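# Chains, contacts and geometry: an overview
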Amino acid sequence: MSRIAVVGLGPVGLVTGVAFAEEGHKVAGIDVDARRVDAVRQGRPPFFEEGLRDAVQRVLENGRLAVTQDGSEAISEADFVFLCVGTPARPNGRMDDVYLRQAAEEVASGLPSHRAVVVIVKSTVVPGTTETILKPLLEASGRPFRLAVNPEFLREGHALEDALHPDRIVLGVDGPETAKALRWLYANAACPILETDLRTAEAIKYATNAFLATKVAFANELADLCSALGVSYDDVIEGVKLDPRVNPRFLVPGVGFGGSCFPKDVKALVAAVSAAGYAPPLLEAVLRQNEVQHERALALLKEELGDLRGKRVALLGLAFKGNTDDVRESRAVPLARALLEQGAAVVGYDPRAEANFRPLVPEAELVASVEEALQGADGCILQADWPQFSVLGAEDFLTHMKTPVVVDGRRILDPDKMRGVRFRRIGSP
Ligand code: UDX
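In this report, the structure presented in the accompanying data block is examined. Since this is a predicted model, take the numbers as computed values, not measurements.

By the definition in use, this model includes 28 salt bridges. For D97, the salt bridge goes to R101, with nearest N and O atoms at 3.1 Å. Exposure remark for R101: the relative accessible area of 36% places this residue in the partly exposed category. Overlapping salt bridges, with partners in common, bring together E303, E304, R422 and R424 in one network.

Right under this line is the structure:
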């Protein structure tokens with residue numbers, strides 16, 4: 001059993017802390033936001049993540065998780081301190097390190113003088129940040145410490161499962177003692193552990209997300225090529241995936257990638273290397289394509305409906321993907337805004353994300369069920385891959401809609417079940 005302090009109780013920090021607590025460690029969760037701390041203390045995580053609420057309540061009850069606004073005591077007693085604060089994008093795309101600096105100062109003031117705590121950066125930070133920003137801030141305390149970078153690869157919607165059963169662990173360390181301590185902490189993990197230096201670990205996180213975002217962008221482009229060539233994306237990609245060098249996942253074309261990671265991380269990487277004098281053409285193109293990818297769904301809708309003025313359009317799925325209430329960079333936002341700009345009325349539905357979406361597009365009408373969204377609609381765009389949407393069939397659309405025009409922006413509906421529906425998908429002729 002170790003004593004672990006986790007600074008930042010956002011999706012990454014809370015899930016990480018709860019996972020360590022579930023594994024038997026004693027965890028202190030620290031956050032500057034009093035409302036967040038109160039909510040977690042009462043067993044109510046401030047965001048939706050499958051299984052998290054029950055797990056939080058369990059580890060609060062058995063005393064393995066405590067949460068606090070003042071982290072000084074927890075940090076002074078900790079063996080490991082994880083920094084899990086947000087690193088949002090500035091308007092110019094560059095990473096904002098303000099929360100990281102604040103967290104580093106808090107950690108520095110709490111470090112004990114007689115032993116070296118291992119301080120681990122889990123936040124996604126531009127390569128070099130840990131050495132050039134964090135290290136000097138901690139050194140200013142005059143106390144001993146060790147440094148590591150241990151990026152998270154948590155998928156929202158499966159984050160707790162990913163934290164408890166990782167498929168790989170990357171440990172960027174400042175020396176063998178740190179590596180030894182972290183290998184002990186992760187002794188139960190049944191997955192490959194890669195040991196490297198701090199800067200490389202930071203870069204691995206960006207490279208992974210940049211690759212996956214590029215893969216999605218490639219699928220989106222291939223879908224357009226297939227449409228232009230008059231062939232089915234499904235048939236083409238089925239053949240492509242037979243090549244053992246092509247991993248079949250992350251090749252679903254749609255309205256573009258959103259979320260807290262892909263857009264922000266690719267932008268931060270582009271901005272960081274551009275500032276160093278290199279403009280990466282491929283990643284710049286990936287971002288440009290993603291900015292306008294939602295327009296493909298609009299174009300298909302307009303091919304069926306013509307002018308959108310006065311039309312009622314159901315938008316199914318407001319979160320950036322299914323199984324989450326997260327609307328950060330959700331493609332539902334530009335889609336809803338574009339529909340409204342073109343004179344349509346937008347009726348949105350999401351199983352979890354309604355409250356988060358409402359302030360982003362206040363002009364959209366939000367309703368409490370799929371049926372209500374479809375009622376009297378002239379068209380429907382499916383934007384997020386919620387499992388409950390994937391079972392919808394022709395009957396659901398034909399019963400409620402005025403004109404059954406459906407654009408599947410995530411390719412989760414079964415075309416064979418759409419008889420009688422004017423059904424369109426990105427990448428199909
Ligand atoms: C991602 C990474 O997968 C995770 O490892 C990292 O730590 C955080 O960022 P997440 O943001 O939760 O996770 O979502 P993910 O499932 O990766 O999807 C990102 C976006 O790409 C979503 O908008 C999704 O709809 C879209 N996507 C994904 C596609 O459009 N097509 C695909 O084939 C896959």
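Read across the sheet, 8 strands follow the order β3-β2-β1-β4-β5-β6-β7-β8 without closing on themselves; strand pairing throughout is mixed. The sheet is open, and its two borders are formed by β3 (65–68) and β8 (193–196), each paired with just one other strand. Direction aside, neighbouring strands of the sheet carry axes that sit 25° apart on average. Taken together, the 4 bridges between strand β2 (residues 26–30) and β3 define a ladder with parallel strand orientation. When the sheet's bridge partners are listed, V27 is paired in β3 with L65.

Here we come to the site of the ligand. The full set close to the ligand counts 18 residues, and E156, V252, G258, C261 and K321 are the nearest of them. Contact distances for the ligand include 3.3 Å between an oxygen atom and a side-chain N or O atom of E152. At a separation of 3.0 Å, an oxygen atom of the ligand approaches a polar side-chain atom of K321. Starting from 670 Å² of accessible surface for the ligand in isolation, the protein chains cover 92%. Here the shell around the ligand takes 3 residues from helix α9 (residues 198–229), the largest share from any one element.

The next point concerns the environment of D31. Within the secondary structure, D31 sits in the loop between β2 and α2 (34–41). By relative accessible area, D31 is classed as buried at 11%. Between the C-alpha atom of D31 and that of K122, which follows or precedes it by 91 residues, the distance is 15 Å. Discounting chain neighbours no more than four positions away, the residues touching D31 are G8, L9, G10, R36, V37, T68 and Q69. A polar contact of 2.7 Å, which involves the side chain of D31, links it to the backbone nitrogen of L9. A distance of 2.9 Å separates a polar side-chain atom of D31 from the backbone nitrogen of D33.

In terms of nonpolar packing, the biggest core is built from 48 residues, with V7, V81, L83, V107, V119 and L138 touching the most fellow members. Here this core takes 7 residues from α9, the largest share from any one element. Not counting residues up to four positions away in its chain, the partners in contact with V7 are I30, V81, F82, L83, C84, V85, A103, E106 and V107. In terms of nonpolar packing, the next biggest core, distinct from the first, is built from 37 residues, V6, V118, L160 and L185 among them.

Moving on: the environment of E295. Tracing the backbone shows E295 in helix α13 (residues 294–305). Residue class for E295 comes out partly exposed when judged on its relative accessible area of 41%. With 44 residues separating them in the primary sequence, E295 and L339 have C-alpha atoms 10.0 Å apart.

Between α9 and helix α11 (residues 262–275), the shortest axis-to-axis distance is 9 Å and the interhelical angle comes to 115°. The two elements α9 and α11 meet at a crossing, and its hand is left-handed. Of the residues in α11, those touching α9 at K205, Y206, N209, A210, L212 and A213 are F262, D265, V266, A268 and L269. Split by residue class, the contact of α9 with α11 holds 8 nonpolar, 1 polar and 2 charged.

Looking now at the packing of aromatic side chains. The geometry of an aromatic ring pair comes down to the distance between the two centres and the angle between the two planes. Counted under the stated rule, the structure contains 5 aromatic pairs. Measuring from ring centre to ring centre gives 5.9 Å for F20 and Y186, while their planes differ by 45°; the resulting arrangement is tilted. Here the residue F20 occupies a position in helix α1 (residues 11–22), and Y186 occupies one in the loop between α8 (176–185) and β8, the gap between them amounting to 166 residues. We note that F20, like Y186, is buried. Here F250 and F262 contribute two aromatic rings whose centre-to-centre distance is 6.1 Å and whose plane-to-plane angle is 55°, an arrangement assigned as tilted. Residue F250 is located in the loop between α10 (233–240) and α11, and its partner F262 is located in helix α11; the two are separated by 12 residues in the primary sequence. Taking relative accessible area as the criterion, F250 reaches 36% and is therefore assigned partly exposed.

We now examine unusual backbone geometry. Despite not being glycine, N323 has its phi angle at roughly 65°, a positive value. Here N323 is to be found in the loop between β9 (312–316) and α14 (332–341). Overall, N323 belongs to the buried group, its relative accessible area being 19%. Even without being glycine, E329 reaches a positive phi, approximately 55°.

Direction vectors running N to C along helix α5 (residues 98–110) and helix α6 (residues 129–139) enclose 35°, while the axes themselves pass 8 Å from each other. Crossing angle aside, the handedness with which α5 passes α6 is right-handed. Between α5 and α6, the contacting residues are L100, R101, A104, E105, V107 and A108 on the first element and T129, I133, L134, L137 and L138 on the second. Considered class by class, the residues forming the contact of α5 with α6 number 8 nonpolar, 1 polar and 2 charged.

So, on to the environment of E105. Tracing the chain through its elements places E105 in helix α5. Here E105 falls in the partly exposed class, since its relative accessible area comes to 47%. When the C-alpha atoms of E105 and P144 are compared, they prove to be 14 Å apart, with 39 residues separating the residues in sequence.

What counts and how
Residues numbered from 1 in each chain as written. Predicted model: local features only at pLDDT ≥ 70, side-chain atom pairs only at ≥ 80, totals over all residues. Heavy atoms only, no water. Salt bridge = Lys/Arg side-chain N within 4 Å of Asp/Glu carboxyl O. Buried < 20%, exposed > 50% of the residue type's maximum accessible area, 1.4 Å probe, protein only. Pairing = 2+ DSSP bridges. Helix = DSSP H or I, 4+ residues; strand = E, 2+ residues; numbered from the N terminus. Axes fitted to C-alpha atoms, helices over the stretch in contact; angles between N-to-C directions. Near = heavy atom within 4 Å. Polar contact = N/O pair within 3.5 Å; in protein donor to acceptor, adjacent residues only side chain to side chain. Areas by Shrake-Rupley, 256 points an atom, 1.4 Å probe, with all protein chains shown as cover. Contact = heavy atoms within 4.5 Å. Core = buried A, V, L, I, M, F, W, Y, C linked by side-chain atoms within 4.5 Å. Left-handed = near helix turned anticlockwise from the far one by under 90°. Nonpolar A, V, L, I, M, F, W, Y, C, P; charged D, E, K, R; others polar. Phe/Tyr/Trp six-rings, centres within 6.5 Å; stacked < 30°, edge-to-face > 60°.

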